[in-house]
Amino acid sequence: MPKKTVSPEIAKKTRRPAVASFETSLRELEQIVTRLESGELPLEEALNEFERGIQLAKTSQQRLQQAEQRVKILLSDDVDKPLTPFVVEPE
């Protein structure tokens, strides 16, 4: 039976983007801001960049909140309370 092949365009659209680190997301967000502030992007491209920036900002905010929660757990005053693994809830 022959293998089915998917066009590169379809494969690219169906691939889920890899989750980048907080630092990588922050760098990308800074680059987006710079491009948007330049005022040289066509409207559609600017809107796409803005949308990506919003996604990055939301994801980064969630990561910061998770880190803050982990720190609070670790600094808890209740010394008798056993530490439990931190579990990230799926979106």
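Analysis parameters
- All residue numbers refer to positions counted from 1 along the written sequence of the respective chain.
- For a predicted model such as this one, the threshold for reporting local features is a pLDDT of at least 70, and the threshold for listing and counting side-chain atom pairs is 80 or more; totals across whole chains, interfaces and linings nevertheless cover every residue.
- Side-chain numbers here rest on the full set of heavy atoms in the structure, without hydrogens or water.
- UniProt positions are given in the numbering used here, feature names are shortened, and annotations may be inferred rather than shown by experiment.
- Note on conventions: DSSP H or I runs of at least 4 residues are helices, E runs of at least 2 residues are strands, and numbering of each starts at the N terminus.
- Think of it in three bands: residues with accessible area under 20% of the maximum for their type are buried, residues over 50% are exposed, and the middle band is partly exposed, with areas taken using a 1.4 Å probe on protein chains only.
- Only heavy atoms enter the contact rule, under which two residues are in contact if any of them lie within 4.5 Å.
- By definition here, a salt bridge exists when the distance from a side-chain nitrogen of Lys or Arg to a carboxyl oxygen of Asp or Glu is within 4 Å.

Identification of the protein as Exodeoxyribonuclease 7 small subunit from Candidatus Regiella insecticola 5.15 is taken from an unreviewed UniProt entry. We quote the UniProt Subunit (unreviewed entry) comment for the protein here in full: "Heterooligomer composed of large and small subunits." Among the UniProt annotations of the protein, the heading Subcellular location (unreviewed entry) holds the following wording: "Cytoplasm".

Undergrad: Honestly, the side chain of Ser-25 in this entry has me stumped. Any pointers?
TA: Tracing the chain through its elements places Ser-25 in helix α2 (residues 22-38). Classification of Ser-25 as buried rests on a relative accessible area of 3%. What Ser-25 contacts, discounting residues up to four positions off in sequence, is Ala-20, Leu-56, Ser-60 and Arg-63.

Undergrad: Got a minute to help me understand the pattern of salt bridges in this structure?
TA: Proximity of charged atoms lets side chains of opposite charge pair with each other. Applying the stated rule across the entire model yields 3 salt bridges. Among the ionic pairs, Arg-52 bridges to Glu-28, the shortest N-O distance being 3.0 Å. Taken together, the positions of Arg-52 in helix α3 (residues 43-74) and Glu-28 in helix α2 put the pair 24 residues apart, joining distant regions of the chain. Judged by its relative accessible area of 31%, Arg-52 falls in the partly exposed class. Under the relative-accessibility criterion, Glu-28 is labelled partly exposed at 25%. Of the charged contacts in the structure, one is a salt bridge between Arg-35 and Glu-49, with a shortest N-O distance of 2.5 Å. Residue Arg-35 is located in helix α2, and its partner Glu-49 is located in helix α3; the two are separated by 14 residues in the primary sequence.

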